[in-house]
Amino acid sequence: MSRNKKEQGAAGLKTGRKGENKMRKYKSGGQLETVICNCCGKKMVVKEGVLREGAISVHHAWDFFSEKDGEVHHWDMCEECYDNLLGQFRVEPDVEEQVEFI
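Draft legend 1. Looking closely at the pattern of salt bridges. Tallied over the entire structure, the rule returns two salt bridges. Two residues, aspartate 76 and arginine 24, come together in a salt bridge whose shortest N-O distance is 2.9 Å. Taken together, the positions of aspartate 76 in strand β7 (residues 72–78) and arginine 24 in strand β1 (residues 24–26) put the pair 52 residues apart, joining distant regions of the chain. Take arginine 24: its relative accessible area is 21%, and that puts it in the partly exposed class. Lysine 42 is the salt-bridge partner of glutamate 53, the closest N and O atoms lying 2.7 Å from each other. Here lysine 42 lies in the loop between β2 (32–36) and β3 (43–44) and glutamate 53 lies in the loop between β5 (50–51) and β6 (55–61), a separation of eleven residues in the sequence. A relative accessible area of 22% places glutamate 53 in the partly exposed class. Judged by its relative accessible area of 37%, lysine 42 falls in the partly exposed class.

Draft legend 2. Quick peek at the side chain of aspartate 76. Taking the relative accessible area as the measure of exposure, aspartate 76 reaches 2% and is therefore buried. When sequence neighbours within four positions are dropped, the list of residues in contact with aspartate 76 reads Met23, Arg24, Val35, Ile36, Cys37, Asn38, Cys39, Met44, Ile56 and Ser57.

Draft legend 3. Local environment of the state of the cysteines. Under the counting rule described, the total for this entry stands at zero disulfides. Note on cysteine 81: no disulfide assigned, nearest cysteine sulfur contributed by cysteine 78 at a separation of 3.6 Å.

Parameters and conventions
The numbers attached to residues start from 1 for each chain and follow its sequence in the written order. With the structure being a predicted model, the display of local features is reserved for residues of pLDDT at least 70 and the display and counting of side-chain atom pairs for 80 or more, all residues being used for whole-chain, interface and lining totals. Each side-chain value is worked out from all heavy atoms of the structure, with water and hydrogens disregarded. Salt bridges are counted wherever a side-chain nitrogen of Lys or Arg sits within 4 Å of a carboxyl oxygen of Asp or Glu. Think of it this way: any DSSP run of H or I at least four residues long counts as a helix, any run of E at least two long counts as a strand, and we number them from the N terminus. Partly exposed describes any residue whose relative accessible area lies between the buried limit of under 20% and the exposed limit of over 50%, with all areas from a 1.4 Å probe on protein chains only and scaled to the type maximum. Working rule for contacts: check all heavy atoms of both residues, and any pair within 4.5 Å makes them a contact. Note that a disulfide, as used here, is simply two cysteine sulfur atoms within 2.5 Å.

Rendered as structure tokens:
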């Protein structure tokens, strides 16, 4: 894949190079410090290394049949952006109640 195509990303957004504009930042001890929604750019609340609001984290390894074969995409989305995204679906996702909370 060409460098220019890689830098532009899926929707024409600049993805930067590895390590630039990270949506998750960690302190030197590995404790979570910052989480940013990739959709709206909102900085989400993190206290004592724990994300304190609803969010979805996606870590997806693209496979052989994709134009993105060999790439692994990581991104976070706040709950409001997630709800907006679901509103665009033609087929609703399966939702089930979590029986046991950890």
